[in-house]
Amino acid sequence: MERKWVPLPPYRSLLVVDVKDFSGLPGRDHAAVTDAIPEILYGAFERLGAVDVWARRLFAQSTGDGLSTAFDPAALPLLVDALPGSLQEELEFRARVDGLPALRMRLSVSVGPVTDPNPGGVSTGSGEARVENHRLLDSDAVRDLLTRSGPATRVAAVISRRAFEDAVRSGYAGVDEEEYVAVPVRVKSYEDTVYLRVPRPTGDLLRSGFKPPASADAPAAAPAERDTWSNHVSGVVHGNVVQSRDHYHGDRTTYTARGDNTVNTGSGNQFTGNDVRYRDRRRS
């Protein structure tokens, strides 16, 4: 059956945040934390003088322990540049003045075509770019940043390759490329290079850097190729002979062979094969 073309949904800047260890909070705090997340994001945008950007968000859907939102593509440089640091400051402020537990958040940003809000259905924000953004947030690479840092590190950010190329590498974002660390990730069927950033690194992040230890995220390394070889030593040898891939050691004599060779030692020195070198270290 021939497939017909369909219109491409509009490109959107996508932002997702979630709270670290939300399930570990007392159940009585869950609703209050869920309700506070949009307020925290509003405060972070307000710190940047970008309340108008927040007000023009295309949708905002709660995930229980976080929030998934979409903005016009023009907001992408703001999301990858200034927002992580502003969110860090807002969470520090909330920890001092709110009665809620001190919160730490993961933040992911991607860009791509997704559907606009659908008042008559549930397909708002559907598209591969949104799936990608949630895969980023679930990756071990960004989770590890909060695991290996102290409580003062409130925010760990990860952005997609496309978001990095469009906003950071292009120069639209004020942040320098060197402030992000590229790492490979693999989450379910998603596999790509992503970019990590931590506004206030602490703990092991300062000692060891942002790249996580080997984990399920990293694509499996191809097995190392192993050369095959065949070496033969025959005849009568007086003294100790040690055979390795390319070197044969006699009493005070070294024979070096390349490839498949046969080295014979008897009453005299005998060699069979190509590229065989002999160095006699005996004194005359």
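Residues numbered from 1 in each chain as written. Predicted model: local features only at pLDDT ≥ 70, side-chain atom pairs only at ≥ 80, totals over all residues. Heavy atoms only, no water.

### Considerations on the overall build of the protein chain
This is how the line gets drawn: Helical segments are the DSSP runs of H or I of at least four residues, strand segments are the runs of E of at least two, and each set is numbered from the N terminus. Each residue's exposure class comes from its accessible area (1.4 Å probe, protein chains only) as a fraction of the maximum for that residue type: buried when under 20%, exposed when over 50%, partly exposed otherwise. In short, Shrake-Rupley with a 1.4 Å probe defines the accessible areas, and a residue's cover is counted only from the protein chains shown.
Within the protein chain, the regular secondary structure consists of eight helices and 14 strands. Going through the 284 residues of the protein chain one by one, you find that 39% of them count as buried. For the protein chain, the exposed area adds up to about 15700 Å²; of that, 49% sits on carbon and sulfur atoms.

### A few points about the pairing of strand S7 (residues 190–197)
The side chains of a regular strand alternate, residue by residue, between the two faces of the sheet. Heads up, the condition is: Only when DSSP finds a minimum of two bridges between them are two strands counted as paired.
Pairing analysis gives three bridges linking strand S5 (residues 155–159) to S7, with the strands arranged antiparallel. In the sheet register, Val 158 faces S7, and the bridge partner there is Leu 196. Relative to S7, strand S6 (residues 181–187) runs antiparallel, the two sharing seven bridges. Within S7, the position partnered with Pro 184 by the bridge is Thr 193.

### Focus on the environment of Pro 113
If you trace the backbone, Pro 113 turns up in strand S4 (residues 105–113). Each C-alpha atom, one on Pro 113 and one on Arg 130, is 8.6 Å from the other, the two residues being 17 residues apart in sequence.

### Brief notes about the sheet that holds strand S2 (residues 59–62)
Two orientations exist for strands paired in a sheet by backbone hydrogen bonds: parallel and antiparallel. Our working definition: Axes, fitted as lines to C-alpha atoms, cover a helix only where it is in contact. Angles between the N-to-C directions of the axes lie from 0 to 180 degrees. The contact definition used throughout considers only heavy atoms, calling two residues in contact when any of these lie within 4.5 Å.
In space, the seven strands of this open sheet follow the order S2-S3-S1-S4-S5-S7-S6, with mixed pairing throughout. Strand pairing shows two members of the sheet lacking a second neighbour, S2 and S6, which therefore form its edges. Strand-to-strand twist across the sheet, computed as the mean angle between neighbouring axes with direction ignored, equals 25°. Most of the contacts of helix H1 (residues 27–47) go to strand S1 (residues 11–19), to which it runs at about 125°, and overall it touches S1, S2, strand S3 (66–71) and S4.

### Let's talk about the packing of aromatic side chains
Rule in force here: Between the rings of Phe, Tyr and Trp (Trp by its six-membered ring), a pair exists once the centres lie within 6.5 Å; its type follows the angle of the planes, with under 30 degrees stacked, over 60 edge-to-face, and the other angles tilted.
Within the structure shown, the criterion is met by five aromatic pairs. Ring centres of Phe 164 and Tyr 180 lie 6.0 Å apart, and the angle between their planes is 80°; this geometry places the pair in the edge-to-face category. A residue pair is termed long-range when its members are at least 10 positions apart, and Phe 164 in helix H7 (residues 161–169) and Tyr 180 in the loop between H7 and S6 qualify at 16 residues. Residue classification places Tyr 180 among the buried positions, given a relative accessible area of 6%. Taken together, the ring pairs connect Phe 45, Trp 54 and Phe 71 into an aromatic cluster.

### Details of helix H4 (residues 83–97)
Applied cut-off: Given the number of residues in a helix, its expected span is that number minus one, multiplied by 1.5 Å.
Counted at 1.5 Å a residue, the expected span for H4 with its 15 residues is 21 Å, and the 21 Å between its end C-alpha atoms agrees. Looking at H4, one finds that the buried residues are Leu 83, Pro 84, Ser 86, Leu 87, Gln 88, Glu 90, Leu 91 and Arg 94. Close packing links the buried residues of H4 with S1, H1, helix H3 (76–81), S4, S5 and S7.

### Concerning the packing of H1 against H4
Defined as follows: Each angle receives one of four descriptions, namely roughly parallel if under 35 degrees, roughly antiparallel if over 145, roughly perpendicular if within 65 to 115, and oblique otherwise. Crossings are classed by handedness, with left-handed meaning an anticlockwise turn of the near helix from the far one by less than a right angle and right-handed meaning a clockwise turn. Three categories are distinguished: nonpolar for Ala, Val, Leu, Ile, Met, Phe, Trp, Tyr, Cys and Pro, charged for Asp, Glu, Lys and Arg, and polar for the others, with Gly belonging to the last.
Where H1 meets H4, the axes come as close as 8 Å, and the angle between the chain directions of the two elements is 120°. Viewed along their axes, H1 and H4 adopt a mutual orientation that is oblique. Considering the relative orientation of H1 and H4, their crossing is right-handed. Residues Glu 39, Ile 40, Leu 41, Gly 43, Ala 44, Phe 45 and Arg 47 of H1 touch H4, and the partners they reach there are Leu 83, Ser 86, Leu 87, Glu 89, Glu 90, Leu 91, Phe 93 and Arg 94. Its residues assigned to classes, the contact of H1 with H4 shows eight nonpolar, two polar and five charged.

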